[in-house]
Amino acid sequence: MTGMNLFIVQAVAKSSFFLPNPHLHPLLFMKSTLLPRILAGLCLVIAGNSLRAQTMQQGEWAGFNVRHWNTTRELSPELQTALRNQEPWQNFESAHGAWYVEFDEISGLPHRASGPAFAVAGSSSEEKAMNLLSRELDGYRMPLEDLTLRSSHAQGKFHYVDFDQTYRGLTVIGSRATVRLTLDGRVVLFGTDLYPEISVITVPAIGPETAAAASATGIPYAVTSSSVDPKLAILPLPGPDGLEYRLVYRVESHFEPVNGIPGYFKSLVDARSGELLSRSSRVHDCSHFLAADASVEGTVFDNPLIAGEVRGLPYLRVQVSGVDYYTDANGSVNIPTITTPTMATVYMDGLYAEVQEGAAETTPSEFTTMLNPGLNTISFDPEASSREISAYYHTNIVHDFMKGFFPAFTTLDFPFLVRVDRTDGSCNAFYDGSSINFYAPGGGCPATALFSDVVYHEYGHGLNYDVYSFFGDGSGMGNGAMQEGYADIWGLSITGNPILGDGFAGAGTDVRRYDIDPKVYPEDLVGEVHADGEIIAGAWWDFGVIRGSLEEMTDLWIATFPATIDGADGNEGAIYSEVLLEALVQDDDDADLSNGTPRDVDIIAAFGQHGITLLASAELNHTPSSALADEPILIEANLDVDFPAYLGDVSVLWRPQGTSTWTKENLGEVSDGEFSVELPAQPAGTILEYYFEVSDIYGAKALAEPSKADQPADPNLPFFVLVGYALKGTEDFDNFSGAWLDDPFGTDDAATGRWEINIPQVSSTSGFVNQPGVDRTPDNTLNFCQVTGYQGYTSSSPANFDIDGGETSIRSPEFNAGIYDDPVFSFYRWFSNDPPGGANPGNDPFEVFISNNGTTWIPVSTTKTSDASWRQDVIRISDYVSANTTVSLLFIASDRFIAGLPFDGGSLVEALVDDLQIYGIGEEEEPVSGIDQPTGYGAISVFPNPASAGFQIGLPGQLGADYVELINTAGQRVWTSRPSSGASVLQVPDPGFAEGLYTVRVRAGDRWLSRRVVIQH
C-alpha cells in the first residue's frame, strides 16, 4: 500500500506457563501449556520445599497496622439459631418461604439472606429496595431515615442497590444495606450491616493537626505528607461493655521509604480523645521471608527463564514528527504519513503503563530509529533491560485481562507507573496505591520484574481497590486477606501455574503455592493477611480444578465483584461464607437458591475443602439423658439445615472421661431431621463425654455441637452421660440451699458483678444473651441461682451487672460425699466473656476448684472458652480428692487486668451456677432433697415459699442459731430476732412486708447461713 507503513515493535521475553483463556491476547498462547496446578499466591517466599519463614528480609509496613477488632471472630451457631427464631425473621419466612440467612451477631440484623425471588412494590429498583427494608423487614429496628443511596447499577443478571448509613449527616464506617434484584425487579438477596442504636457526641475535641500527628503514633519513620478529611465519620468499635461509637477523623499519611518501600496508611483517629483507633497500610509488598538456614545459589527465574519468546509490545507509544501513535494489542501500529525514511522515537510507555528504572527516575527509556515505507520490524531489546520490557508487557496483559470482563471500567486506563530495578531493597515487590515496584537482583533473588505472576499480583491490588470502588464501594476492598487472596487470583487466572514465583530464591523455592497443603478455615486463620488470603484463593482455584476449567472459575469469580464483598480484618469467617453464598447466587439460573444451582455441587465441594460452608447455619438440638449400666446408650439429635442437599454425615464423637481418644460414630436419620445412634454399653460408674459434628457431602466440617467442643486447645464443655448413677441430692437455690459463702477468703477485688444468690436479670446485646432472665432449674418459678450480679440492680444494660476490675469467688458448703458410691458432682454453669461488640473477647477465665479439708484447693478446670447457655459440667470427686465428709467446691470468675490490651483487658463477663447435684452409683431415691452436710453444718429452710403472709424458718439444729435477720433487695434489715436456745423453728409474723424478694440470714456459730424467700400477696 503506497504511503502506508506497518510498524511492528517486538521484544524478547521469556515464556511462562499459560492456560488458554479467551479474554487474553492471542499471541500470549503461542506456546501455552495447561498445568493441573494452582497459581501460588504472592508474599511469603520460602527457601526449600518444607522450610517456613524465619527471618524477615524486608520491613513490612503492615506490621504497623492497628485493628479496631481485637481478635478473629467465629460465628456462634447458638446465637445464629436464636436470631433465626426471633419474630421478625419468622414473619419474613412466613411471607416469603425458607431463605438462607446469616445474621450480624452484633446488630442482630440479617447480614446476608438469599432465597426464592419475590416481588416487592415500587416503580424503580431504588424504591423497591427501600420498600423491602421498610415493609418486608419492618420488624427490625433499622435506621431507615439515615440511609443514603450509595450506588444503583445493573451488571450481568442482577440490579445492585446499596445504601450507606449516616448519623447526623456523618458517614457510619462499615455500614451498608444492600439489595439484589433480578432484572425483572424481584428481590433475590439482601443484607443489612447497620447500627440502629448509635449515640455519640458529634463535636470534635481535637483539631485535624492533632489527628494527623496521632495517626503516626508508633511508627519510627518520618512523615512525608498527611491529609485529614474535613468531614468527620462515626466508627462502631468494640468496648469493654459492648459496642461503642466513636467520632473519628479519617487521615491519610505517607512515610519515608524503608528498604525502598514507602509507607502509606489510612487511619481513623478519635476526634474526642485523639486515640488512634485504626490504621491500615495501603502498600502491599511481597512480604518476602527467607529461611535463616537456607543456602541460595545462583538465581533461578520463574517464567522468564523458560525459553525466551518474541512477542509484540501492546499499546506502546511511538512518536513521529511530534505526533504520538500507539501499537495495538499485538504490538502493531499503522502510521499513514510515512512515504520516505523518517525518524521515530519509541518510548517504554504507552496507553496503560509507563516503566521507569530505580526509585527516583522520572522518565521512561526511549530510543530513535529510522522507519521506512512498508514493513519494519524493530526490537526494543538493545535499548531497554529485560526487566523493563517484561514488566511493561505483563502490566498490559493483566490490564487487558481485566478489561475483557469490565469494559466500562476506565479508572486504570492511563499510563500506570511501573518501577523496575529498584536498588533500595531486594527480594520483594509492592503496590503503594499509585505504582507497582520491583527490585533489582540481590539478596539471593533475581529481579522481581521478571516474574509475570508477581506483576499480575501487584497490579491486582490496584484492581481490587478500584474495581470495588467502580461498583460502589467508595474505599475499595479493605479486608487484608481478601486483598492478598484476590490479588493471587488475578495472576492465577492468567498463568494457570499453581506456583507463584517458582524458583524465587533458588531451586525448590517459591512465593506461595496452592497445589499442596490447602489452607482451611478456621484452623489456618492466623491473622496474617497473606496466609489468611490463601484460604479464599484456594477455594476459588479448587473450583476450577474440580470443573477442569480455569475459564469457568474466572468467570464465576469475576461475577461476584459487583457485590463488593468486604469487611473488617478479623471477620474473614463471615466474609468467606458470603463469598460462597454469592458464588451460588451468581451461578443460580432461576432466582431460587433453595432448589440448587447448575454447579452447586462443585462450588460447595471446592469451598468445603477450605472449611467454607453454608451448613454453618445448621441448628442441632440435643438433650442429654442418663443411661443404665451394661446397656446400649441411645444418642438422639434433631437437625435443621437450610441446604439439606449438601448435608453429609451427622456424627457423634465420644470417650469415657479420663481417656484421650475420641471414637466417631455416624448417626442414622430415622425420620425427617431426626437422627440417632446406639453407643456401646458401658459399666456402672462410667462418665461418657461426647459432642456432635455435622459435615457436608464432601467431608468438610460445618458444625460442632456444643460449639468449640472440638477445638484442640481449651475446648468447650462436651455433653455427658452418667452410666449407672442415681441422683442423691440437689442444691438448686430454690428449694434447697446450704451455707454458701461469697468471697470466702476475703481476697475478692471485683468492683462490680460479685457472686450472690439472686434472680438473674436479662442482659443482652443484639440478641446475644450475656445473662439470662431465668435460672436453670426445670419447672421452677422462683429462679434463684448463684449469679455475678449486684444486689438491687434493675437496669437491663449489660454494663450494669457484669464483672469489672478483678475476680469474684463463691464457695459451696462442705458436703458429706463419703456416704455415696463413687460420687460425682454435676452442676450447670453459664459463662460469657465474648459478646458481639465487646472488647477483648476470650481473655477472662472461669475456674473451678475442689477441696476435702477446706484448706487445700485442687484445680479442676480453667477455661476462657465462653458458652452463654446453661451447660452441665461433671466432676468425679475421686479424680481429685478422697470423698469424705467435708468436700466442697470453689468457683471463681474474673475480669482480669491485662496491661497493653485495649481498656487494659476489660471485658463484659457474666457467670452463673445452678443445680449443683451429687450422684452415686445405685438406684435413685425419692424424693431427692438437699445434699447431705456433716453434723453441725446444717442448712436452714423456709416454709411456705413463696409466702403470702407470715412464714417459718427451720433453724440449723445442732449448730444452734444465735441471730436471725430479714434483708430486702436494697440491703436494708427489715426484721430481726434472737431465737431461744435449742429452738429448731422460728416463726416470722406478718408485719406487712411489701411484695418482693428477701434474704433470710441466720448466724450459727461462726457461720452465716442464708435462704431466699418471696413475699406474694
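Everything quoted here is computed from the prediction, not taken from an experiment.

Another aspect to go through is the overall build of the chain. Regarding its fold elements, the chain presents eleven helices and 58 strands. Per-residue burial for the chain yields a buried fraction of 59% across its 1017 residues. Pairs at least 24 apart in sequence give 71% of the contacts found in the chain among residues at least 6 apart. Of the roughly 37100 Å² of accessible surface on the chain, a fraction of 49% belongs to carbon and sulfur atoms.

Turning our eyes to something else, we now look at the packing of aromatic side chains. Per the stated rule, a full pass over the model turns up 49 aromatic pairs. Taken together, a centroid distance of 5.7 Å and an interplanar angle of 90° make the contact between F255 and F265 edge-to-face. Residue F255 is located in strand 12 (residues 242–258), and its partner F265 is located in strand 13 (residues 261–270); the two are separated by ten residues in the primary sequence. Comparing F255 with F265, the two get one shared label, buried. Ring centres of F846 and F891 lie 6.3 Å apart, and the angle between their planes is 40°; this geometry places the pair in the tilted category. In this pair, F846 sits in strand 47 (residues 846–851) while F891 sits in strand 50 (residues 888–895), placing the two residues 45 residues apart along the sequence. Given a relative accessible area of 1%, F846 falls into the buried group. An aromatic cluster of at least three residues, connected via ring pairs, comprises F401, F405, F406, F409, Y468, F470, F471, Y486, W490, W557 and F561. The ring of F265 carries the charged tip of R279 above its face, separated from the ring centre by 5.7 Å.

Where nonpolar side chains cluster on the molecular surface, the patch consists of V601, I697 and Y698 and spans about 240 Å² of accessible area. Looking at the secondary structure, you find Y698 in the loop between strand 36 (687–696) and strand 37 (701–705).

Another aspect to go through is the pattern of salt bridges. In a structure, side chains of opposite charge can pair up when their charged atoms sit close to one another. Evaluation of the coordinates by the stated rule reveals 38 salt bridges. One salt bridge in this structure joins R317 and D349, with 2.7 Å as the shortest N-O distance. Linking R317 in strand 18 (residues 316–320) with D349 in strand 21 (residues 342–350), this pair joins segments that are 32 residues apart in sequence. Its relative accessible area of 6% is what places D349 among the buried residues. When salt bridges with common partners are traced through the structure, they connect R547, E552, D587, R599 and D602 into a single cluster.

This next bit is on a negative patch on the surface. Taken together, the side chains of E636, E669, D672 and E674 present a region of like negative charge at the surface. When you line up the elements, E636 lands in strand 31 (residues 633–640). With a relative accessible area of 48%, E636 lands in the partly exposed category.

So, about the pairing of strand 36. Counting buried residues along strand 36, ten of its ten residues qualify, which places the element largely inside the surrounding structure. Two strands pair when backbone bridges link them, and strand 32 (residues 647–656) and strand 36 are joined in this way by eight bridges, in the antiparallel orientation. Each residue of the ladder has a partner; that of R655, found in strand 36, is E689. Relative to strand 38 (residues 719–722), strand 36 runs antiparallel, the two being bridged by four bridges. Bridging across to strand 38, L688 finds its partner in V721. Pairing of strand 36 with strand 37, which is carried by four bridges, proceeds in the antiparallel orientation. If you follow E693 over to strand 37, its bridge partner there is A704. Between strand 36 and strand 37, which pair antiparallel and follow one another directly, the connecting turn spans four residues, one of which, G699, has a positive phi of 85°.

With that settled, the discussion passes to the packing of helix 7 (residues 480–495) against helix 10 (residues 572–587). Working note: a packed helix pair is described by the angle between its axes plus the distance between those axes. Running from amino to carboxyl end, helix 7 crosses helix 10 at an angle of 45°, the nearest separation of the two axes being 10 Å. Classed by the angle they form, the pair helix 7 and helix 10 counts as oblique. In this structure, helix 7 contributes A481, M482 and Y486 to the contact, and helix 10 contributes E572, I575, Y576 and V579. The class makeup of the residues in the contact of helix 7 with helix 10 is six nonpolar, no polar and one charged.

Turning our attention to the environment of I810. Here I810 shows up in strand 45 (residues 806–811). When neighbours within four sequence positions are excluded, I810 is seen to be in contact with W740, L741, D742, P744, W755, Q786, L889, L890 and F891.

Across the sheet, five strands lie side by side as 40-45-50-47-48; this open sheet has antiparallel pairing. Strand pairing shows two members of the sheet lacking a second neighbour, strand 40 (741–742) and strand 48 (858–863), which therefore form its edges. Bridge analysis of strand 40 against strand 45 gives two bridges, and the strand direction is antiparallel. In the sheet register, D742 faces strand 45, and the bridge partner there is I810.

The next subject is the sheet that holds strand 30 (residues 619–621). Reading across from one edge, 30-31-35-34 is the order of the four strands in this open sheet, with antiparallel pairing throughout. A single partner strand is all that each edge strand has here, and the edge strands are strand 30 and strand 34 (668–671). Averaged over all pairs of adjacent strands, the angle between strand axes in this sheet comes to 35°, irrespective of strand direction. Where strand 30 and strand 31 come together, three bridges link them in antiparallel fashion. Paired with L620 across the strands is L639, a residue of strand 31.

Of all hydrophobic cores here, the largest spans 106 residues; its most connected members are F406, Y486, W540 and F607. Those residues in contact with Y486 that sit more than four places away from it in its chain are N464, Y468, M477, I536, W540, W557, T560, F561 and V579. Counting 34 residues, the second largest nonpolar core, distinct from the first, contains I757, Y820, F831 and F846.

A separate point is the environment of T148. Along the chain, the position of T148 falls in strand 5 (residues 147–155). Its relative accessible area of 37% is what places T148 among the partly exposed residues. Discounting chain neighbours no more than four positions away, the residues touching T148 are D162, F163, D164 and T166.

This part takes up the packing of helix 6 (residues 452–470) against helix 7. One can describe the packing of helix 6 onto helix 7 by two numbers: an axis separation of 7 Å at closest approach and a directional angle of 125°. By the angle class used here, helix 6 and helix 7 are oblique. The handedness of the crossing between helix 6 and helix 7 is right-handed. Taking contact as the criterion, the partners of S452, D453, Y456, H457, G460, H461, L463, N464, Y465 and Y468 in helix 6 are, on helix 7, M482, Q483, E484, Y486, A487, D488, W490, G491, I494 and T495. Classifying every residue of the contact of helix 6 with helix 7 by side-chain character gives nine nonpolar, eight polar and three charged.

Conventions used here
The numbers attached to residues start from 1 for each chain and follow its sequence in the written order. Restriction of local features to residues with pLDDT of at least 70 applies here, the model being predicted, together with a cutoff of 80 or more for giving and counting side-chain atom pairs; totals for whole chains, interfaces and linings are based on all residues. Side-chain figures throughout are based on the complete set of non-hydrogen atoms in the structure, without hydrogens or water. Secondary structure elements are defined from DSSP: runs of H or I of at least 4 residues count as helices, runs of E of at least 2 residues count as strands, and each element is numbered from the N terminus. A simple rule labels every residue: compare its accessible area, found with a 1.4 Å probe on the protein chains alone, to the largest value its type can have, and call it buried under 20%, exposed over 50%, or partly exposed in between. By definition in these notes, contact holds between two residues if any of their heavy atoms fall within 4.5 Å. Areas reported here follow the Shrake-Rupley algorithm with a probe of radius 1.4 Å; residue values treat only the protein chains shown as occluding. Note on aromatic contacts: the rings of Phe and Tyr and the six-membered ring of Trp form a pair at centre separations within 6.5 Å, being stacked when their planes are under 30 degrees apart, edge-to-face when over 60 apart, and tilted otherwise. Geometrically, a charge over a ring is one whose NZ (Lys) or CZ (Arg) sits within 6 Å of the ring centre while staying within 35 degrees of the ring normal. Two distance rules govern patches: like charges are joined within 9 Å, and nonpolar side chains (Val, Leu, Ile, Met, Phe, Trp, Tyr) within 5 Å, applied only to residues with over 30% relative accessible area and no salt bridge. By convention in these notes, a salt bridge is any Lys or Arg side-chain nitrogen within 4 Å of a carboxyl oxygen on Asp or Glu. Charge counting treats Lys and Arg as positive and Asp and Glu as negative, with His and both chain ends excluded. One atom stands in for each charge, and that atom is NZ of Lys, CZ of Arg, CG of Asp or CD of Glu. DSSP calls a pair of strands paired once it identifies at least 2 bridges connecting them. To obtain an axis, a line is fitted to C-alpha atoms, over the contacting stretch when the element is a helix, and the angle between two such axes runs from 0 to 180 degrees between their N-to-C directions. Here the word oblique covers every angle except those under 35 degrees (roughly parallel), over 145 (roughly antiparallel) and from 65 to 115 (roughly perpendicular). All amino acids are sorted into three groups, where Ala, Val, Leu, Ile, Met, Phe, Trp, Tyr, Cys and Pro are nonpolar, Asp, Glu, Lys and Arg are charged, and the leftover types, Gly among them, are polar. Nonpolar core, defined: a set of buried Ala, Val, Leu, Ile, Met, Phe, Trp, Tyr and Cys residues in which side-chain atoms within 4.5 Å join the residues together. Left-handed describes a crossing whose near helix is turned anticlockwise from the far helix through less than a right angle; right-handed describes the clockwise counterpart.

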